[in-house]
Amino acid sequence: MTSPRLDVLAIGNAIVDVIADATDEFLEEQDLDKGSMRLIDEAEAERLYGLMGPGKEVSGGSAGNTAAGLAALDVKTGFIGQVADDQLGKIYKHDIEAAGVEFVVAPSPNVGVATARCLILVTPDAQRTMNTFLGAAQKLPPQAIDEAVIADAGILYLEGYLWDPPGAIEAMSKAIDFARNAGRKVAFTLSDTFCVDRHRDDFKALIDDGRIDILFANEEEIKALAGDSDFDDAVDNVAPKVPLLVVTRSEKGAIAVEDGHRARVGAQPIEQLVDTTGAGDLFAAGFLAGIAKDRDLETCLRLGAIAAAEVIQHYGARPEQDLRVLASKALSA
């Protein structure tokens, strides 16, 4: 097998995040479930945007955030996601390429809808409530999945959020087939408990059919997938079905289970919790960077914890400090 040109190729929703402070009272007034993600249409996106306070616009999307984190850790990374040929689409393309990520699919003038955006309301406890208009992101066509590009990446990384639109499901399934045919690894993140609730049967089928090599989840997502309210029981249920299971637990750290071996890491100390947006995405970036560099499970978990700790100390889901320096200092300590 030839060595891949890219270490990781991520596929996901190309979304511009609009982040603003909000009160618990505002969430109640808008009947929003704190800490959740909901899908909205363009009209609701415009309405809610009009009610939000001053916001910060940054390129986001779960897999895109992970790709940016990987690039920041000197991992050769590409990203596949659809944007429209509009202002936000140009912003997204510029931002992700400036982060060092190869942007595979060009902005399209023919998708018929605007570039996706996620309106993120951050409450004083640093919880983020996400309101997502998928727009052009859900128009990712199956023909955008090039077999040669997929085969030329060591790890294919997919986000569960992209399982909502039917066309994107076909594109994701096609990508998985190409990766497995090329002997590459497939990593998948469950993304959100509501996402698991919507697609539990499909996600379980992917796992049961042996199409996933690395599964990422947080504590609530793994319990939702397993249908078990006890964390340890949920892990014991899912771990034997996937070669490598990685589960984050916020301030309780994270675990990884591979071939019966269980590794653990505590959360990295932080000075101030500001915004949890992207914590899981950057954890996945750190962990996959370790995998790409052939590090052991404990080191991979520590890299994930370092990347996650950096991103939760500021607004936005893209790293602001040099992750290579943070990782080097922590791993040599």
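Residues numbered from 1 in each chain as written. Predicted model: local features only at pLDDT ≥ 70, side-chain atom pairs only at ≥ 80, totals over all residues. Heavy atoms only, no water.

Enquirer: Before we move on, could you go through the overall build of the chain and cite the residues and values that matter?
Expert: Helices and strands together make up the secondary structure of the chain, namely 12 helices and 14 strands. Taken over the C-alpha trace, the chain has a radius of gyration of 18 Å; the compact-globule value for 333 residues is 20 Å, and the two agree within 12%. Its C-alpha atoms give the chain principal-axis dimensions of about 50 × 45 × 40 Å. Across the 333 residues of the chain, 56% fall into the buried class. Partitioning the intrachain contacts of the chain with sequence separation of at least 6 by distance along the chain shows that 75% fall at a separation of at least 24. Approximately 13,600 Å² of the chain is accessible, and the part contributed by carbon and sulfur atoms is 46%. Averaged over its 31 positive side-chain charges, the chain has a centre that lies 4 Å from the centre of its 55 negative ones. (Helix = DSSP H or I, 4+ residues; strand = E, 2+ residues; numbered from the N terminus. Rg over C-alpha atoms; globule rule 2.2 N^0.38 Å. Buried < 20%, exposed > 50% of the residue type's maximum accessible area, 1.4 Å probe, protein only. Contact = heavy atoms within 4.5 Å. Areas by Shrake-Rupley, 256 points an atom, 1.4 Å probe, with all protein chains shown as cover. Lys, Arg positive; Asp, Glu negative; His and termini not counted. Charge placed at Lys NZ, Arg CZ, Asp CG, Glu CD.)

Enquirer: Would you mind going over the nonpolar core in detail, with residue names and values included?
Expert: Ranked by size, the top nonpolar core spans 58 residues in total, and within it I11, I150, F188, L215, I222, L225 and L245 carry the most contacts. For this core, the element with the most residues is helix α6 (residues 166-181), which contributes 7 residues. If sequence neighbours within four positions are ignored, L245 has contacts with L215, I222, V235, V238, A239, I255, A256 and V257. Of all hydrophobic cores here, the second largest spans 47 residues; its members include A14, F216, L244 and A285. (Core = buried A, V, L, I, M, F, W, Y, C linked by side-chain atoms within 4.5 Å.)

Enquirer: Can you lay out the sheet that holds strand β10 (residues 185-189) for me, pointing to particular residues and giving the numbers?
Expert: Ordered in space as β6-β5-β1-β9-β10-β11-β12-β13-β14, the 9 strands form an open sheet in which the pairing is mixed. Both edges of this open sheet fall to β6 (102-103) and β14 (261-265), since each of them pairs with a single strand only. Bridge analysis of strand β13 (residues 254-258) against β14 gives 5 bridges, and the strand direction is antiparallel. By the bridge assignment, A254 is partnered in β14 with V265. Strands β11 (214-218) and β12 (244-248) of the sheet are contacted by helix α8 (residues 219-226), whose axis makes an angle of about 110 degrees with β11. (Pairing = 2+ DSSP bridges. Axes fitted to C-alpha atoms, helices over the stretch in contact; angles between N-to-C directions.)

Enquirer: Let's hear about α8: which residues, and what values?
Expert: Summarising burial for α8: 7 of the 8 residues are buried, a large majority. Residues of α8 that are buried: E219, E221, I222, K223, A224, L225 and A226. At its buried positions, α8 is contacted by α7 (193-208), β11, α9 (231-238) and β12. Capping of α8 at its N-terminal end is provided by N218; its side-chain oxygen lies 3.1 Å from the backbone amide nitrogen of E220. Looking one or two residues past α8, G227 carries a phi angle of roughly 70 degrees, positive in sign. (Polar contact = N/O pair within 3.5 Å; in protein donor to acceptor, adjacent residues only side chain to side chain.)

Enquirer: Give me the lowdown on the packing of α7 against α8, citing residues and values where you can.
Expert: Their axes nearest at 9 Å, the elements α7 and α8 cross at an angle of 60 degrees. By the criterion of interaxial angle, the relationship of α7 to α8 is oblique. The two elements α7 and α8 cross, and the hand of that crossing is right-handed. Of the residues in α8, those touching α7 at T193, V196, D197, R200, F203, K204 and I207 are E220, E221, A224 and L225. Among the residues making up the contact of α7 with α8, the classes are represented as 5 nonpolar, 1 polar and 5 charged. (Parallel < 35°, antiparallel > 145°, perpendicular 65-115°, else oblique. Left-handed = near helix turned anticlockwise from the far one by under 90°. Nonpolar A, V, L, I, M, F, W, Y, C, P; charged D, E, K, R; others polar.)

Enquirer: Can you lay out the UniProt feature "domain: Carbohydrate kinase PfkB" (unreviewed entry) in the chain for me, pointing to particular residues and giving the numbers?
Expert: This chain's UniProt record puts "domain: Carbohydrate kinase PfkB" (unreviewed entry) on residues 56-319. Helix makes up 40% of residues 56-319 and strand 21%. Its end C-alpha atoms lie 15 Å apart. (UniProt positions renumbered as here; feature names shortened; annotations may be inferred.)

Enquirer: Describe the pattern of salt bridges, with residues and values.
Expert: Using the criterion set out here, one finds 19 salt bridges in the structure. Between E46 and R117 there is a salt bridge; the shortest N-O distance is 3.8 Å. Taken together, the residues span a long stretch of sequence, with E46 in helix α2 (residues 42-51) and R117 in strand β7 (residues 116-122) at a distance of 71 residues. Its relative accessible area of 46% is what places E46 among the partly exposed residues. Taking relative accessible area as the criterion, R117 reaches 13% and is therefore assigned buried. Put simply, D177 and R211 hold a salt bridge, and the shortest N to O gap is 2.6 Å. Of the two residues, D177 is situated in helix α6 and R211 in the loop between α7 and β11; the sequence distance between them amounts to 34 residues. Each of the salt bridges in this network shares a partner with another, and the network as a whole consists of R5, E102 and D152. (Salt bridge = Lys/Arg side-chain N within 4 Å of Asp/Glu carboxyl O.)

Enquirer: Go over the packing of aromatic side chains with me, naming the residues and quoting the values.
Expert: This structure, assessed with the given rule, holds 8 aromatic pairs. Pairing Y92 with F103 gives two aromatic rings, centres 6.0 Å apart and planes at 50 degrees, and the pair type is tilted. Within this pair, whereas Y92 is found in helix α4 (residues 87-98), its partner F103 is found in strand β6, the two being separated by 11 residues in sequence. F103 carries the same exposure label as Y92, and that label is buried. Considering the side-chain rings of W163 and F203, the 6.1 Å spacing of their centres and the 75 degrees angle between planes classify their relative orientation as edge-to-face. Placement of W163 in the loop between β9 (153-159) and α6 and of F203 in helix α7 is noted, with a sequence separation of 40 residues between them. W163 sits in the buried class, given a relative accessible area of 3%. (Phe/Tyr/Trp six-rings, centres within 6.5 Å; stacked < 30°, edge-to-face > 60°.)

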